[in-house]
Amino acid sequence: QVQLVESGGGLVQAGGSLRLSCAASISIFSINSMGWYRQAPGKQRELVAGFTSDGRQNYVDSVKGRFTISRDNAKNTVYLQMNSLKPEDTAVYYCYVVPLWGGTVWGQGTQVTVSS
């Protein structure tokens, strides 16, 4: 069973930075796609950033130029560097992984709160 362990959320002032980490219990080379979603109170879950199956990076328009997704293949870990944070970035952030054999695995979620 694939497991994901997230870390790095917290409380930060507007304009600050946070880095989220998500460590997978399987090799990155067994993963089709991976990345981060977020869900704010009263809103639907949205894709924030992700790696596609061919290695491209996708970002939601609202975070382009501020957030960067990266990965460390040796550590089977994906990161989300979040800079210039805004109050509207406040949400629970979920890491996800789609293994080569299908299905979607979710992390436990980590709270990011940006104060104005």
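Located above this text is the structure these notes cover.
Now for a quick tour of the structure.

## Quick word on the pairing of strand E9 (residues 91–99)
- Burial within E9 is extensive, with eight of its nine residues counted as buried.
- For strand E4 (residues 31–39) and E9, the ladder comprises eight bridges, and the chain directions are antiparallel. Paired with glycine 35 across the bridge in E9 is tyrosine 96.
- Where E9 and strand E11 (residues 110–115) come together, three bridges link them in antiparallel fashion. The partner of valine 92 across the bridge, within E11, is glutamine 111.
- Here E9 runs beside strand E10 (residues 105–106); their pairing, made up of two bridges, is antiparallel. The partner of tyrosine 96 across the bridge, within E10, is tryptophan 106.
- In textbook terms, the turn of a hairpin is the stretch between consecutive antiparallel strands, and for E9 and E10 this stretch comprises five residues, one of which, glycine 102, has a positive phi near 100°.

## A short note on the layout of surface pockets
- Considered as a void within the structure, the largest pocket measures approximately 190 Å³ in volume.
- Surrounding the largest pocket, 13 residues form its lining, Arg38, Ala40, Lys43, Glu46 and Glu88 being those nearest its centre.
- Grouping the constituent residues of the lining of the largest pocket by class yields two nonpolar, four polar and seven charged.

Rules behind the numbers
Residues numbered from 1 in each chain as written. Predicted model: local features only at pLDDT ≥ 70, side-chain atom pairs only at ≥ 80, totals over all residues. Heavy atoms only, no water. Buried < 20%, exposed > 50% of the residue type's maximum accessible area, 1.4 Å probe, protein only. Helix = DSSP H or I, 4+ residues; strand = E, 2+ residues; numbered from the N terminus. Pairing = 2+ DSSP bridges. 1 Å grid on protein atoms, 1.4 Å probe; cavity = no way out; pocket = protein on both sides within 12 Å on 5 of 7 lines; lining within 4 Å. Points joined across faces, edges and corners; volume = space filled by probe spheres on them. Nonpolar A, V, L, I, M, F, W, Y, C, P; charged D, E, K, R; others polar.

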